[in-house]
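Architecture and fold: a report
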Amino acid sequence: MAQRLAFRENNSFVIVQFTDVHWRNGDELDQKSRLLMDGILDAEQPDLVVFTGDTIMGLNTDHPIRAFNEAVAVAEDRGIPWALVFGNHDDEGGKSPVSNAELMAIQENSKYGIGSAGPEDVHGVGNFVVELTSSTGGDARTVLYFLDSGAYAPKTIEWDWIRQSQVDWYSRQSRSYKASNGGSPVPSLAFFHIPLLEYEEAWKHNICYGVKYEDIGCSRINSGLFAAMLENGDMMGTFVGHDHINDFWSEHHGIRLCYGRASGYNTYGREGFPRGARVIRLQLGEPGFDSWLRLDDGTVVEQQAVHSPETVG
């Protein structure tokens, strides 16, 4: 059964997206990441915290379960509901290898974690939905989808892709919500780690807002997820991480494809490109969503730099 959260009495709902925290062993750089997250949560007071992958750096972590607990404690200690999807580094083997299933069990058994492993017949660990209702309850007014975008692909394809069973699962959920909503799609958002191939298309062909300082680390395989989102007509925006020094967003065929802002200091970055988080605000009954970046120094970036298409036509 899907977890449920409610819009505030003023009909707003705020999400903070942390991505690529890369927590290791609680050292000085990890503590710097914690201070960043503390400051952003203090400022934004969100209703939900979402970690979009690579929350820990499994390969360089002596005690991955402890690292995982330390990383998500920023939400757990505050009593803020939190949801987490996996990236390509969370379960990498180190001195004490841990599986994503083991990490997901921690989320499922925590007091405020609302993620779940998802159906056993769907590829990956952590395909689940969260329903947002009005402040007085009732049917879902917004649906949040969480998907496991995998890690490393077989053979010569570098990055994994969202598999057909996941696309089918999403479409079944979407059609079910539509049927329960009198035939109208229920507005939705999606969170996963590795960007879709359409992010690359958007940068080349659309007006984008923000920067791309590194190649887009998408799979060379088009999963069909974006096409399913178009056909289902419910998806307002998607949110990813993976590429630490990209933060752009673009509207692509009516769906906003958004990067988060890398949040962790125990990994690569770029001089002059502060760590931070993306903030998302929904308003019940209003189309779309508002989004901005909050950076480590407290700066709020509401208007990102405009990037013109690289190709025309």
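Residues numbered from 1 in each chain as written. Predicted model: local features only at pLDDT ≥ 70, side-chain atom pairs only at ≥ 80, totals over all residues. Heavy atoms only, no water.

Per an unreviewed UniProt entry, the protein goes by Metallophosphoesterase and derives from Paenibacillus albus.

**A short note on the side chain of Arg 278**
For clarity, the cut-off: Numbered from the N terminus, helices here are DSSP runs of H or I no shorter than four residues, and strands are runs of E no shorter than two. Any residue under 20% of the maximum accessible area for its type is buried, any over 50% is exposed, and the rest in between are partly exposed; the area is computed with a 1.4 Å probe on protein chains only. Think of it this way: Lys and Arg go in the positive column, Asp and Glu in the negative one, and His and the chain ends go nowhere. Salt bridges are defined as contacts in which a side-chain nitrogen from Lys or Arg sits within 4 Å of a carboxyl oxygen from Asp or Glu. Whenever two N or O atoms come within 3.5 Å, that pair is a polar contact, provided that in protein one can donate a hydrogen and the other can accept it, and provided that, for residues adjacent in sequence, both atoms are side-chain atoms.
Mapped onto the fold, Arg 278 is located in strand β12 (residues 276–283). Within the buried core, Arg 278 has no salt-bridge partner, and the shortest N-O distance to an opposite charge, that of Asp 247, equals 5.9 Å. In terms of polar contacts, Arg 278 uses its side chain to reach the backbone carbonyl oxygen of Tyr 259, at 2.6 Å.

**Structural notes on the pattern of salt bridges**
Side-chain pairing between opposite charges can occur once the charged atoms of the two side chains come close. Scanning the model with the defined rule gives 11 salt bridges in all. Across the pair Arg 8 and Asp 47 runs a salt bridge, and its minimum N-O distance is 2.9 Å. Placement of the pair is Arg 8 in the loop between β1 (3–6) and β2 (12–18) and Asp 47 in the loop between α1 (28–44) and β3 (48–52), with a sequence separation of 39 residues. Taking relative accessible area as the criterion, Arg 8 reaches 29% and is therefore assigned partly exposed. The closest approach of N and O atoms between Asp 38 and Arg 78, which form a salt bridge, is 2.8 Å.

**Digging into helix α5 (residues 197–205)**
Here is the rule: Here a residue-residue contact requires only that any non-hydrogen atoms of the pair lie within 4.5 Å.
All of the buried residues along α5 are Leu 197, Glu 198, Tyr 199, Ala 202 and Trp 203. In the core, the buried residues of α5 are packed alongside β8 (208–209), α6 (225–232), β9 (235–240), β10 (249–252), β11 (255–259) and β15 (306–307).

**Topic: the packing of aromatic side chains**
The line we're drawing: Pairing of aromatic rings covers Phe, Tyr and Trp, the last through its six-membered ring, and needs centres within 6.5 Å; plane angles under 30 degrees mean stacked, over 60 mean edge-to-face, and all others mean tilted. Put simply, a charge is over a ring when the Lys NZ or the Arg CZ is close to the ring centre, within 6 Å, and near the line of the ring normal, within 35 degrees.
Scanning the model with the defined rule gives 17 aromatic pairs in all. Judged by centre distance (5.2 Å) and plane angle (15°), the ring pair of Phe 146 and Phe 191 falls under stacked. Of this pair, Phe 146 sits in strand β6 (residues 137–146) while Phe 191 sits in strand β7 (residues 188–191), and the two are 45 residues apart along the sequence. You'll find Phe 146 and Phe 191 in the same group, each marked buried. Members of the aromatic cluster, each reached through a chain of ring pairs, are Phe 128, Phe 146, Phe 191, Phe 239 and Phe 289. Cation over ring: Arg 163 sits above Trp 161, and NZ or CZ is 4.2 Å from the ring centre. The ring of Phe 273 carries the charged tip of Arg 261 above its face, separated from the ring centre by 3.7 Å.

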